[in-house]
There are 2 protein chains.
Amino acid sequence: MVTLAAEGILTQQRIGALQTEAGSVIPEATIAYQRWGEFRGSPDGLNNLIIVEHALTGDSDVADWWCDVLGPGKALDTDTWCVLSTNVLGGCQGSTGPSSTHPDGQVWGSRFPAISVRDQVEAERLFLDSLGITRAHAILGGSMGGARTLEWALMYPERIDSACVIAVSARASAWQIGIQSAQISAIERDPHWQGGDYYGTGQSPAAGLAAARRLAHLTYRGEQELDERFGVSPQQGENPLGTYRDRKQRFAVESYLQYQGRKLVERFDAGSYVILTESLNRHDIGRGRGGLIKALAACSVPTMVIGVDTDILYPYHQQEHLSRNLGNLLGIARIVSPVGHDAFLAESRQLDNALRRFLLLSQSTDTGVGDYSI
Amino acid sequence: MVTLAAEGILTQQRIGALQTEAGSVIPEATIAYQRWGEFRGSPDGLNNLIIVEHALTGDSDVADWWCDVLGPGKALDTDTWCVLSTNVLGGCQGSTGPSSTHPDGQVWGSRFPAISVRDQVEAERLFLDSLGITRAHAILGGSMGGARTLEWALMYPERIDSACVIAVSARASAWQIGIQSAQISAIERDPHWQGGDYYGTGQSPAAGLAAARRLAHLTYRGEQELDERFGVSPQQGENPLGTYRDRKQRFAVESYLQYQGRKLVERFDAGSYVILTESLNRHDIGRGRGGLIKALAACSVPTMVIGVDTDILYPYHQQEHLSRNLGNLLGIARIVSPVGHDAFLAESRQLDNALRRFLLLSQSTDTGVGDYSI
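None of the values given here were measured: they were computed from a predicted structure.

A. Layout of unusual backbone geometry. Backbone geometry at A:Ser143 places phi at a positive 60°, although glycine is not the residue there. Summarising the element assignment, A:Ser143 is placed in the loop between β5 (138-142) and α3 (144-155).

Below, the structure written as structure tokens:
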């Protein structure tokens, strides 16, 4: 008998100590999660559990950010499936991260160790263990959630029956490391950052975090979509073509990007942003496994790959690379959209179709599928 | 009789006062330039003058940055052509800019007005007037140099016989404004910027300028080229996968980007970087001309367009847009390269071919071509 959190309610679960890939220890880690739909089947065999992995600044509230694909009658049909999502280790939505309290009663701050995507997966494995669940029907996610999904398939193939990897690559590219490091640097250059120990000082690196988000957003959105929306339009009531440069006189797109920065500052912790972005820099499924090609070829989990044709951050050729090399490919789907990377959140019709196809294919690989899920 | 600077020698020329598009005045402006090859023909008719326009942080030393295409026997054959290049207004290589001395004896600093690409062209027109030259066989340039070339063709079609516009667009896209504004912001957030009046204070916004360049470089280089060179390699002797995040332990690509930042700081002024980047934000050939399509259709100068297939900053569809709409198109050439935007500097063989083709086509539109140039 598996006991899970009440439907949709953010719930914290202690998972004990976690040793990071790089050799540090996080004692008494906590993972916060949400759940929709009833769990059916065996916790260590065939069941109806789907684990959804969120992106960098996302969270476990899948019903919010994937509202078009989660729910009765939708691709992730909660009448059929039990959908569960954890908040990532290192984040700031209830799971242990740099803004959490250290066992000594102070905030972790700069003492929080660097973590890899594998550490995030390890925390989730401990979390599922703590619930008494050792197997899931499917795991899926986009962007950093896609990186976790891929590592799940490689680290614990015996625990997941299928995987769907969206808008991500087998490892960080040099360009990604470059733009991600620039974001980290924008935060570290903010004097309020205070080496990562700004908690409780009354100052926070809001300007640095906003600058980081502004950069990130330019990698999340396709240039055609941004241009169709904003072009060279001035922000209403402002004149960016004045006699002198004046940063208060903006183009509409500047105002939009600043707004995205402000919105993130209101809801996200700069320390978590640094730790999670660093984990993306460290994303490399080939590490310690004989390289990318060997690692992908050895992947036994039936896996579907989804990409976006206009993605600047994780260009589509990276998903083609995954699909060419994965040992057990279910298929590849290409979302066609001017939106860029964020199309995996925005193009709900195409995504709904692709996820339905994935779940259909994933069930055809099971033997006793009809018994517990449909 | 036209008297020009000695071959290859940087020479300054006073051009008098310049009124900016936005309504400010720069009195006593100076333009610095270089020249290769003998001027032949008529200063107000057919002649062998080719004007080369440099990019954002480039300069008039075409023999340096385009050494593979400039010189005897090369595409810009200095036995045939007189090649002339000015340093852009607002820059820091001898032409008047924010680090220059104001008529009152102090540095311009924040008093330097915002300028547009049109103002840069206007300064060049005044410069040519001051030399007694009112016509040129061709004008060409890439990136910001391409923007000036395009504005030349629209502002003074009677003064140029042909144009070659490389790796640029008809106007700034929202994405460009976004990433360029982020660069300006990185400089303005540096406390040493001091509102643009850091000259003579003993402090300069080196960190901000380096951060800006680091971002810019990620738009100049294709992600495939960067990845082939650096991938996830650590910088030699450093370990970016350590137990704690440590900004001194870097991936190779971080070190490379920081090096690009440092190199720019050594040779470029932050005030000029802001002014010139702002001019790119204001680039819009449709402004005051009934929009882009009307402006391009009205362009009577025979114009060739060159683009790069992997350009992130000025994607190839923007050059296709130019070629579809220009009133007098000579042709379009596509440089195929993993390098991205900088391919117009790096892929010298392809560029040499394209420029030869341009010059051949440009001469076929003249009547008395053989007499003065070949």
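B. Region of the structure containing the packing of helix α4 (residues 174-188) of chain A against helix α5 (residues 206-220) of chain A. Residue and element names in this part refer to chain A. Where α4 meets α5, the axes come as close as 6 Å, and the angle between the chain directions of the two elements is 160°. The pairing of α4 with α5 is recorded here as roughly antiparallel in orientation. Contacts between α4 and α5 involve Trp175, Ile179, Ala182, Gln183, Ala186 and Ile187 from the first element and Gly208, Leu209, Ala211, Ala212, Leu215, Ala216 and Thr219 from the second. Here the contact of α4 with α5 is composed, by residue class, of ten nonpolar, three polar and no charged.

C. Structural detail: the side chain of A:Ser169. Residue and element names in this part refer to chain A. Secondary-structure assignment places Ser169 in the loop between β6 (163-166) and α4. Polar side-chain contacts of Ser169 include one of 2.6 Å to the backbone oxygen of Arg171. Filtering out sequence-adjacent residues up to four positions away, Ser169 remains in contact with Leu150, Gln176, His283, Tyr314, Gln318 and Leu322.

D. Quick peek at the sheet that holds strand β3 (residues 49-53) of chain B. Residue and element names in this part refer to chain B. Pairing in this open sheet of eight strands is mixed, and the strands run β1-β2-β4-β3-β5-β6-β7-β8 from one edge to the other. Looking at which strands have only one partner, the edges of the open sheet turn out to be β1 (11-19) and β8 (329-335). Here the average twist between neighbouring strands, direction ignored, is 20°. In terms of strand pairing, β1 meets strand β2 (residues 25-36) through seven bridges, oriented antiparallel. Within β2, the position partnered with Gln13 by the bridge is Ile31. Strand contacts of helix α2 (residues 117-131): β1, β2, β3 and β4 (82-86), with the helix running at about 120° to β1, the strand carrying the most contacts. Its contacts with the sheet put helix α3 (residues 144-155) on β3, β5 (138-142) and β6 (163-166), and the angle it makes with β5 is roughly 150°.

E. Broad picture of the relation of the copies chain A and chain B. The transform that puts chain A on chain B rotates by 180° and translates by 0.0 Å along the axis, for an RMSD of 0.0 Å. Here the symmetry operator amounts to a two-fold rotation axis. Most of the interface of chain A is mirrored in chain B: 100% of its interface residues are interface residues there too.

F. Quick peek at the sheet that holds β6(A). All names here are of chain A. Strand order across the open sheet formed by eight strands is β1-β2-β4-β3-β5-β6-β7-β8, with mixed pairing between neighbours. Single-partner strands in this sheet number two, and they are β1 (11-19) and β8 (329-335). Across the sheet, the mean angle separating the axes of adjacent strands is 20° when strand polarity is ignored. With respect to the sheet, helix α10 (residues 316-325) is in contact with β6, β7 (303-308) and β8, its orientation differing from that of β7 by roughly 165°. In the packing of helix α12 (residues 348-364) onto the sheet, contacts are made with β3 (49-53), β5, β6, β7 and β8, and the angle to β8 comes to roughly 175°.

G. Quick peek at the UniProt feature "binding site: substrate" (unreviewed entry) in chain A. All names here are of chain A. The sites that carry the UniProt feature "binding site: substrate" (unreviewed entry) are, in the present numbering, Arg213 and Asp342. A maximum C-alpha distance of 13.8 Å places the annotated residues, which cover 130 residues in sequence, within one compact spot. Residue position: Arg213 is located in helix α5. Setting aside its immediate chain neighbours within four residues, Arg213 contacts Thr57, Tyr220, Gln260, Gly261, Leu264, Arg267 and Tyr273. Tracing the backbone through its elements, the reader meets Asp342 in the loop between β8 and α11 (343-346). Among the residues examined, Asp342 registers a relative accessible area of 10% and is labelled buried.

H. Inspection of the packing of helix α2 (residues 117-131) of chain A against α3(A) at higher detail. All names here are of chain A. Viewed as axis vectors pointing N to C, α2 and α3 meet at an angle of 70°, and their least axial separation amounts to 9 Å. On the basis of the axis angle, α2 is roughly perpendicular to α3. Along this stretch, α2 crosses α3, giving a crossing that reads as right-handed. Residues Val117, Arg118, Gln120, Val121, Glu122, Glu124, Arg125 and Leu128 of α2 touch α3, and the partners they reach there are Met144, Ala147, Arg148, Glu151, Trp152 and Met155.

I. Fine view of the interface of chain A and chain B. Contacts between the two partners involve 59 residues from chain A and, on the opposite side, 59 residues from chain B. Together, the buried faces of chain A and chain B total about 4700 Å²; carbon and sulfur atoms form 58% of this surface. Among the residues of chain A in contact with chain B, A:Trp175, A:Arg189 and A:Arg245 are the three that bury the most area, contributing 16% of the side total. Linking chain A with chain B are six salt bridges, by the criterion used here. The tally of links between chain A and chain B comes to 28 residue pairs in polar contact (both at pLDDT 80 or more). Of all elements in the fold, only α4, α5, α6 (223-229), α7 (252-267), α8 (270-281) and α10 of chain A reach the threshold of two or more residues within the side of chain A that touches chain B. Residue contributions to the side of chain A that touches chain B peak at eleven residues, all from α4(A). In terms of residue class, the side of chain A that touches chain B is built from 28 nonpolar, 15 polar and 16 charged.

J. Focus on the packing of aromatic side chains. Counted under the stated rule, the structure contains 16 aromatic pairs over all chains. Seen in terms of ring centroids, B:Phe268 and B:Tyr273 are 6.4 Å apart; in terms of plane orientation they differ by 90°. Their pairing is edge-to-face. B:Tyr273 shares its class with B:Phe268; the two are buried. Lying over the aromatic face of A:Tyr316, A:Arg334 brings its terminal NZ or CZ to 5.5 Å of the ring centre. If you follow B:Arg159 out to its NZ or CZ, it ends over the ring of B:Tyr156, 5.3 Å from the centre.

K. Local environment of the pairing of β4(B). All names here are of chain B. In terms of residue burial, β4 counts as a mostly covered element, since five of its five residues are buried. Neither face of β4 is left uncovered, since the one carrying Cys82, Leu84 and Thr86 and the one carrying Val83 and Ser85 both have all their residues buried. Where β3 and β4 come together, three bridges link them in parallel fashion. Among the inter-strand pairings, Leu49 is bridged to a residue of β4, identified as Cys82.

L. A look at the pattern of salt bridges. In total, this model carries 46 salt bridges over all chains according to the counting rule given. With its nearest N and O atoms 2.7 Å apart, the salt bridge here joins B:Arg245 to A:Glu188. Residue B:Arg245 is found in the loop between α6 (223-230) and α7 (252-267), and its partner A:Glu188 is found in helix α4; the two belong to separate chains. Among the residues examined, A:Glu188 registers a relative accessible area of 18% and is labelled buried. B:Arg148 is the partner of B:Glu53 in a salt bridge, and the nearest nitrogen-oxygen pair spans 3.1 Å. Placement of B:Glu53 in strand β3 and of B:Arg148 in helix α3 is noted, with a sequence separation of 95 residues between them. The class for B:Glu53 is buried, based on a relative accessible area of 1%.

M. Region of the structure containing the domain arrangement of chain A. All names here are of chain A. Each domain of chain A was delimited in the assignment, giving domain 1 (11-172 + 281-373) and domain 2 (176-279). In this structure, domain 1 and domain 2 have C-alpha centres spaced 27 Å apart. In this complex, domain 1 contributes 38 residues to the contact, which on the side of domain 2 involves 31 residues. Across the domain 1/domain 2 interface, buried area totals approximately 2800 Å², and carbon plus sulfur atoms make up 55% of it. Its largest share of buried area at the contact with domain 2, domain 1 owes to Leu56, Thr57 and Asn281, together 26% of the area lost on that side. Where domain 1 meets domain 2, there are two salt bridges. A salt bridge links Asp342 to Arg221; the nearest nitrogen and oxygen atoms lie 3.3 Å apart. At the junction of domain 1 and domain 2, the tally comes to 19 residue pairs in polar contact (both at pLDDT 80 or more). Residues that form the side of domain 1 that touches domain 2 fall into these classes: 19 nonpolar, 15 polar and four charged.

Scoring rules and cut-offs
- Residues numbered from 1 in each chain as written.
- Chains lettered and ligands numbered in written order.
- Predicted model: local features only at pLDDT ≥ 70, side-chain atom pairs only at ≥ 80, totals over all residues.
- Heavy atoms only, no water.
- Helix = DSSP H or I, 4+ residues; strand = E, 2+ residues; numbered from the N terminus.
- Axes fitted to C-alpha atoms, helices over the stretch in contact; angles between N-to-C directions.
- Parallel < 35°, antiparallel > 145°, perpendicular 65-115°, else oblique.
- Contact = heavy atoms within 4.5 Å.
- Nonpolar A, V, L, I, M, F, W, Y, C, P; charged D, E, K, R; others polar.
- Polar contact = N/O pair within 3.5 Å; in protein donor to acceptor, adjacent residues only side chain to side chain.
- Pairing = 2+ DSSP bridges.
- Least-squares fit on C-alpha atoms with pLDDT ≥ 70 in both.
- UniProt positions renumbered as here; feature names shortened; annotations may be inferred.
- Buried < 20%, exposed > 50% of the residue type's maximum accessible area, 1.4 Å probe, protein only.
- Left-handed = near helix turned anticlockwise from the far one by under 90°.
- Buried area = accessible area lost by both parts, 1.4 Å probe.
- Salt bridge = Lys/Arg side-chain N within 4 Å of Asp/Glu carboxyl O.
- Phe/Tyr/Trp six-rings, centres within 6.5 Å; stacked < 30°, edge-to-face > 60°.
- Lys NZ or Arg CZ within 6 Å of the ring centre and 35° of its normal.
- Domains from an automatic or database assignment.

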